[in-house]
Amino acid sequence: MSPLIPLGLAIAALGLWLSVRLVQENRARTAARAGYFAAVKPLFDGGEMRLQPTGFPRMTGKRCGLAYDLQAIPDTLTFRKLPALWVLVTLPGPMPLPATLSLMARPSGNEPFSRFPTLPHSLPNPPGLPADVVIRTDNAPMILTSDLISAHADLFNDPQVKELVLSPKGIRIVILAEEADRGRFLIFRDAEMGRTPLSPARLEPILGRLADLRDEIIRGQT
């Protein structure tokens, strides 16, 4: 028997094993992404999920009579230090606000989830807001007073909070849910994220803060 035959069989077996592993990993990745909001669904009354082109879900659900919208948005742009997974937690609906206000921590100008760079006016930071948070609006003369911002400045004490948006169409908090593993990304360019579902303990305080903000805005306008 030619010594090349066992070598050829070994290479074929290795190729088959790698193919099977690739299929298994793809299936596991797809299932993990699709179930990213599964652990937080019990926080809501009902809740509907639909998959986005990224494979991550978008979920809507009611809690204490308020309708929330959750989105998971992967950001794999190469100029970031590490790929990131952002979670957008929104209370959509008409709000008694005359302008849009966005507070962004450490803005780069390339956040794929925000229209922050398009807002034309910058505002000074009120007392208590960290210096690395930048405020922009689309209508500076009509913006609400700084009291509300100062009252919730502690939101940005959490380094994972990226953005707070107050607008006539609703309010939103954006958090950094996850970054790609540094070692695997630097060596293998592996940017896989979302294998661990979003934790209820991580989300629940954000839901409460949005509900409080909504109530304060409505009280302030009435």
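Residues numbered from 1 in each chain as written. Predicted model: local features only at pLDDT ≥ 70, side-chain atom pairs only at ≥ 80, totals over all residues. Heavy atoms only, no water.

**Student:** Just checking my understanding: could you explain the packing of aromatic side chains for this structure?
**Tutor:** Note on aromatic pairs: each is described by the distance of the centres and the angle between the planes. Counted under the stated rule, the structure contains 4 aromatic pairs. Geometrically, the ring pair formed by Y36 and F56 is edge-to-face, given 5.7 Å between the ring centres and 90° between the ring planes. Of the two residues, Y36 is situated in the loop between α1 (4-34) and β1 (45-51) and F56 in the loop between β1 and β2 (57-63); the sequence distance between them amounts to 20 residues. Taking relative accessible area as the criterion, F56 reaches 0% and is therefore assigned buried. (Phe/Tyr/Trp six-rings, centres within 6.5 Å; stacked < 30°, edge-to-face > 60°. Helix = DSSP H or I, 4+ residues; strand = E, 2+ residues; numbered from the N terminus. Buried < 20%, exposed > 50% of the residue type's maximum accessible area, 1.4 Å probe, protein only.)

**Student:** Would you explain the sheet that holds β2 in this entry?
**Tutor:** Across a sheet, strands are paired by hydrogen bonds formed along the backbone, either parallel or antiparallel in direction. Taken in spatial order, the 9 strands make up an open sheet running β1-β2-β3-β4-β9-β8-β5-β7-β6, and their pairing is antiparallel. Both outer strands of the open sheet, β1 and β6 (121-123), are each paired with one neighbouring strand and no more. Here the strands of the sheet are splayed against their neighbours by 20° on average, with no regard to which way each runs. Bridging between strand β5 (residues 101-105) and strand β8 (residues 161-167) involves 4 bridges; their strand directions are antiparallel. Bridging across to β8, L103 finds its partner in L164. (Pairing = 2+ DSSP bridges. Axes fitted to C-alpha atoms, helices over the stretch in contact; angles between N-to-C directions.)

**Student:** It is not clear to me how the pattern of salt bridges should be interpreted in this structure. Could you clarify?
**Tutor:** Side chains carrying opposite charge are able to pair once their charged atoms draw close together. Under the criterion given, the structure shown has 7 salt bridges. A salt bridge links D154 to R209, with the shortest nitrogen-to-oxygen separation between them at 2.9 Å. Of this pair, D154 sits in the loop between α2 (147-151) and β8 while R209 is found in helix α4 (residues 200-221), placing the two residues 55 residues apart along the sequence. With relative accessibility at 38%, the residue D154 sits in the partly exposed group. The exposure class assigned to R209 is buried, which follows from its relative accessible area of 18%. With its nearest N and O atoms 3.7 Å apart, the salt bridge here joins D215 to R214. When its relative accessible area of 28% is taken as the criterion, R214 is described as partly exposed. (Salt bridge = Lys/Arg side-chain N within 4 Å of Asp/Glu carboxyl O.)

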